[in-house]
Number of protein chains: 2
Amino acid sequence: MGRCIMREVKSFIEKRDGVEADENNIFLTNGATEGITFMLNLLIKDENDGIMIPIPQYPMYSALITKFEGTQVPYYLDESKGWGMSYKELERSYAEATDKGINVRSMVVINPGNPTGQVLTQEDLNRVIQFAHDKQIFLLADEVYQRNIYVDKEFCSVRKALSELGSPYNDDVELASFHSLSKGLHGECGLRGGFMELHNMNDFANAMMYKSKAVALCSNIIGQIGVGLMVNPPTEDTVSKEVFDLYQTQEQEIFNGLKYRANLITEKLNSIEGVTCNEVEGAMYAFPQIRLHQSYCDLAQQEGLSPDLKYCLEILAKTGIMIVPGSGFGQEEGTYHFRITNLVNSKTEMTKALDRIGEFTSEIMSVYK
Amino acid sequence: MGRCIMREVKSFIEKRDGVEADENNIFLTNGATEGITFMLNLLIKDENDGIMIPIPQYPMYSALITKFEGTQVPYYLDESKGWGMSYKELERSYAEATDKGINVRSMVVINPGNPTGQVLTQEDLNRVIQFAHDKQIFLLADEVYQRNIYVDKEFCSVRKALSELGSPYNDDVELASFHSLSKGLHGECGLRGGFMELHNMNDFANAMMYKSKAVALCSNIIGQIGVGLMVNPPTEDTVSKEVFDLYQTQEQEIFNGLKYRANLITEKLNSIEGVTCNEVEGAMYAFPQIRLHQSYCDLAQQEGLSPDLKYCLEILAKTGIMIVPGSGFGQEEGTYHFRITNLVNSKTEMTKALDRIGEFTSEIMSVYK
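Residues numbered from 1 in each chain as written. Chains lettered and ligands numbered in written order. Predicted model: local features only at pLDDT ≥ 70, side-chain atom pairs only at ≥ 80, totals over all residues. Heavy atoms only, no water.

Under an unreviewed UniProt entry, the name given to chain A is Alanine aminotransferase, and the source organism is Euplotes vannus. UniProt, in the comment section headed Cofactor (unreviewed entry), describes chain A in these words: "pyridoxal 5'-phosphate". For the record of chain A, the UniProt heading Sequence similarities (unreviewed entry) holds the text "Belongs to the class-I pyridoxal-phosphate-dependent aminotransferase family. Alanine aminotransferase subfamily." (UniProt positions renumbered as here; feature names shortened; annotations may be inferred.)

(A) The arrangement of the sheet that holds strand β11 (residues 324–325) of chain B in detail. All names here are of chain B. Here 3 strands make up an open sheet; going across it, the order is β9-β12-β11 and the pairing antiparallel. Every interior strand has two partners, whereas the edge strands, β9 (285–286) and β11, have only one. Looking at chain direction, β9 and strand β12 (residues 338–341) are connected through 2 bridges and run antiparallel. Bridged to Y285 within β12 is T341. Each of β9 and β12 is contacted by helix α10 (residues 241–270), which is oriented at about 140° to β12, the strand it contacts most. (Pairing = 2+ DSSP bridges. Helix = DSSP H or I, 4+ residues; strand = E, 2+ residues; numbered from the N terminus. Contact = heavy atoms within 4.5 Å. Axes fitted to C-alpha atoms, helices over the stretch in contact; angles between N-to-C directions.)

(B) Fine view of helix α3 (residues 60–67) of chain B. Listed in full, the buried residues belonging to α3(B) are M60(B), Y61(B), S62(B), L64(B) and I65(B). Buried residues belonging to α3(B) abut α8 (203–215) of chain A together with α2 (31–43), β2 (49–55), β3 (71–76), β4 (103–110) and β5 (138–142) of chain B. Phi turns positive, to about 60°, at E69(B), one or two residues after α3(B). (Buried < 20%, exposed > 50% of the residue type's maximum accessible area, 1.4 Å probe, protein only.)

(C) Representation of the relation of the copies chain B and chain A in the model. With an axial shift of 0.0 Å and an RMSD of 0.0 Å, the rotation relating chain B to chain A amounts to 180°. Considering both components of the superposition, the chain copies are consistent with a two-fold axis. Comparing interface residues between copies, 100% of those in chain B also lie at the interface in chain A; the contact surface is shared. (Least-squares fit on C-alpha atoms with pLDDT ≥ 70 in both.)

(D) Focus on the packing of helix α11 (residues 294–302) of chain B against helix α12 (residues 307–319) of chain B. All names here are of chain B. Remark: α11 packs on α12, axes separated minimally by 8 Å, with the N-to-C direction vectors making an angle of 90°. Considering their axes alone, α11 and α12 lie roughly perpendicular with respect to each other. On the side of α11, the interface is formed by Y296, C297, L299 and A300, while α12 contributes P307, K310, Y311 and E314. (Parallel < 35°, antiparallel > 145°, perpendicular 65-115°, else oblique.)

(E) Region of interest: the interface of chain B and chain A. Contact with chain B, which involves 21 residues of that partner, is made by 21 residues of chain A. Of the roughly 1500 Å² buried where chain B meets chain A, counting both sides, 66% is carbon and sulfur surface. For chain B, the biggest contributors to the area lost against chain A are K67(B), R192(B) and V215(B); these three give 29% of the whole. Taken together, the connections running from chain B to chain A amount to 0 salt bridges. If you look at where chain B meets chain A, you find 4 residue pairs in polar contact (both at pLDDT 80 or more). Listing elements by their share of the side of chain B that touches chain A, those giving two or more residues are α2, α3, α8 (203–215) and α9 (221–231) of chain B. Considering every element that reaches the side of chain B that touches chain A, the biggest residue donor is α3(B), with 4 residues. Residues belonging to the side of chain B that touches chain A are distributed by class as follows: 12 nonpolar, 7 polar and 2 charged. (Buried area = accessible area lost by both parts, 1.4 Å probe. Salt bridge = Lys/Arg side-chain N within 4 Å of Asp/Glu carboxyl O. Polar contact = N/O pair within 3.5 Å; in protein donor to acceptor, adjacent residues only side chain to side chain. Nonpolar A, V, L, I, M, F, W, Y, C, P; charged D, E, K, R; others polar.)

(F) Structural view of the sheet that holds strand β9 (residues 285–286) of chain A. Residues and elements named next belong to chain A. Read from one edge of the open sheet, 3 strands run β9-β12-β11, paired in antiparallel fashion. In the strand order of this sheet, the two ends are held by β9 and β11 (324–325), each with one partner. Of the strands in this sheet, β9 and β12 (338–341) touch helix α10 (residues 241–270), which is tilted by about 140° from β12.

(G) Looking closely at the pattern of salt bridges. Applying the stated criterion across every chain, the model contains 38 salt bridges over all chains. R92(B) is paired through a salt bridge with E96(B); the nearest N and O atoms lie 2.6 Å apart. Placement of the pair is R92(B) and E96(B) together in helix α4 (residues 87–99), with a separation of 4 residues, close to one helical turn. Of the residues examined, E96(B) reaches a relative accessible area of 40% and is grouped as partly exposed. Taken together, the salt bridges that share partners define one network made up of E89(A), R92(A), E96(A) and K100(A).

(H) View of the environment of N103(B). Residues and elements named next belong to chain B. Tracing the chain through its elements places N103 in strand β4. For N103, a relative accessible area of 41% puts it in the partly exposed group. Linking N103 and V9, residues 94 residues apart in sequence, is a C-alpha distance of 33 Å.

(I) Structural view of the UniProt feature "domain: Aminotransferase class I/classII large" (unreviewed entry) in chain A. Under the present numbering, the feature "domain: Aminotransferase class I/classII large" (unreviewed entry) in UniProt falls on residues 9–357 of chain A. In residues 9–357 of chain A, the share of helix is 45% and the share of strand is 15%. The end C-alpha atoms are 42 Å apart.

(J) Here's a closer look at the domain arrangement of chain A. All names here are of chain A. Here the domain parsing of chain A yields domain 1 (2–231) and domain 2 (241–367). Summarising the inter-unit geometry, the C-alpha centres of domain 1 and domain 2 are found 26 Å apart. Buried surface at the junction of domain 1 and domain 2, both sides included, amounts to about 2300 Å², of which 55% is carbon and sulfur. Together, P115, Y150 and L185 form the three largest contributors to the area buried by domain 1 at its contact with domain 2, with a combined 33%. (Domains from an automatic or database assignment.)

(K) Broad picture of unusual backbone geometry. Following N114(B), the chain continues into P115(B) via a peptide bond in cis, with omega recorded as 10°. As for its placement among the helices and strands, P115(B) is situated in the loop between β4 and α5 (122–135). Omega for the bond connecting S167(B) with P168(B) falls within 30 degrees of zero, at -5°, which places this linkage in the cis form. Note that P168(B) resides in the loop between α6 (158–165) and α7 (169–172). Not every positive phi belongs to a glycine, and W83(A) is a case in point at roughly 55°. Looking at the secondary structure, you find W83(A) in the loop between β3 (71–76) and α4 (87–99).

This is the structure:
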């Protein structure tokens, strides 16, 4: 059965990217996490092997790099440019690592960004690809939020950008890209379904990958079926009109809710004194900056807490709302952030929550100034 | 929901073993494989760390030890004594490894045996426990076939043996035991459900385990629910009489089929000239020995094949029956085996298959003698 679903994934990629895909390069996984784990395990030999990751990042990356005893090579997203990626920063990050004797093996691109929500353009991706080609590094493209875009931008996969750039890039840049059933509009995270597509992978590494995946046995079949349904959804030809309309309506409702809340978050957070938030272009989060006063930071230090952690703990205690301190995702030295998700499935509740965060923050800002 | 199922697993262990279990020591996993992978990853630092594994063994163990760059420390099961385990052999295996500078960290016990099918007695387990206690090694108990016992022996978990041995063993021998939804009478291998229970695990290692498991996110929930149903099956109190009776009847039918075929395999294989097979006491396989003539072995060598592989390939080509050469599982130097499963769900088909193996083997035996 896995084989049928691999074929469905192949068609999905071909249609999405206008490329020719090979089902033998597609692996069905227990969520995207499993695929990423496999790849990092394969890419990291020891602490001399570096993996470039965006900062802020999804903490699974730092955790796995630590687990496999590799070295994180951070490249910073530019908050002042909507969490944009800069070629200059990639070069700086790479040079700093190689100066220390690190062998930069791979670079992670998260698009749309997690937790930052930015959507990369094809031009951005072209620069990443040229960089990967120049440095001969393996690209890991985390594209699990590809359907979660709320602005007037189209998702472009690294695979598509590669294909349209053509030779020599499309023939030599090694790429693994990941997708998941846990995000998008279905959000079936508990089913643990996902896939990984490999492109230009070295034959020997590919053989090792197969062996390693075979030892772990297949991913769970319900997750596999979920992936099949995600990449090959009901159409007017395959289901009754009634079912098709219901499916369309439900998807649209879920998408509209996500989009509404993404806008609401940007708007509400930016109206709070001391808080600024880039437009949430995609994914399921915002990563606003909060400018905490020095006296608040000093107090936090006395309590042995980072200022953002103190802020988040107090919000939790005072309002019952759980937001996550920025330190876990990485942030530029001396700046403080938090991550908030847009998954509260009610406009009223989300509005209330944002208002409470606003009230509490105003209180802090008036006490510590 | 995971928490509820961890509680069901806790009750299951308490009832099965007459012990007190702690739900915080129970991890739900994507099949037993995932738990075993986690533990071996945790236990192996480098090639100086040795893991004792039975020979013959389930090849996942050797593959994972290789993957994590540890060293296999084989202990041989005694084919002449029904694939029994001997304390003397454990000591020999341990001494040989430590003489080479290997730090023996852990020992794997597979009970009922895979692929050998033997069922260990509580006395056998007591000796294993004393050995683990003396050498201060971590026990990994692969008990996924605990419901697959076809002779007049009762399954005894390592956890139960430990508890009944009492102090000091029960307070200091570190143990991880594994169970799975993939075997037993349900055989839902595609759902990838399993659990692992830790006992006496070092606090620091336990904390690392939690962290590592958290990065991998939860196991798939359908597999979790399956595990819940396995450890807390329908009873007369929870379902209607009709459903309960149907459940009982179906379980009994599956069990009787497995038991019938286990006996059939032992009987039929032992009737083939040149083949001997220990009684299949449990699990889902037999691991018979085949005495291939020197001239056949020489021919195999000329063809660049191990004799057991040649034999299995020829059976496949001639009869369409796939059996697995013993070399993948490990066997004493100069002996040849194959593994056959008892999962063909038809008495007639199984009988036919065994007869064909018999005919083909007689042919080989008459040609090469």
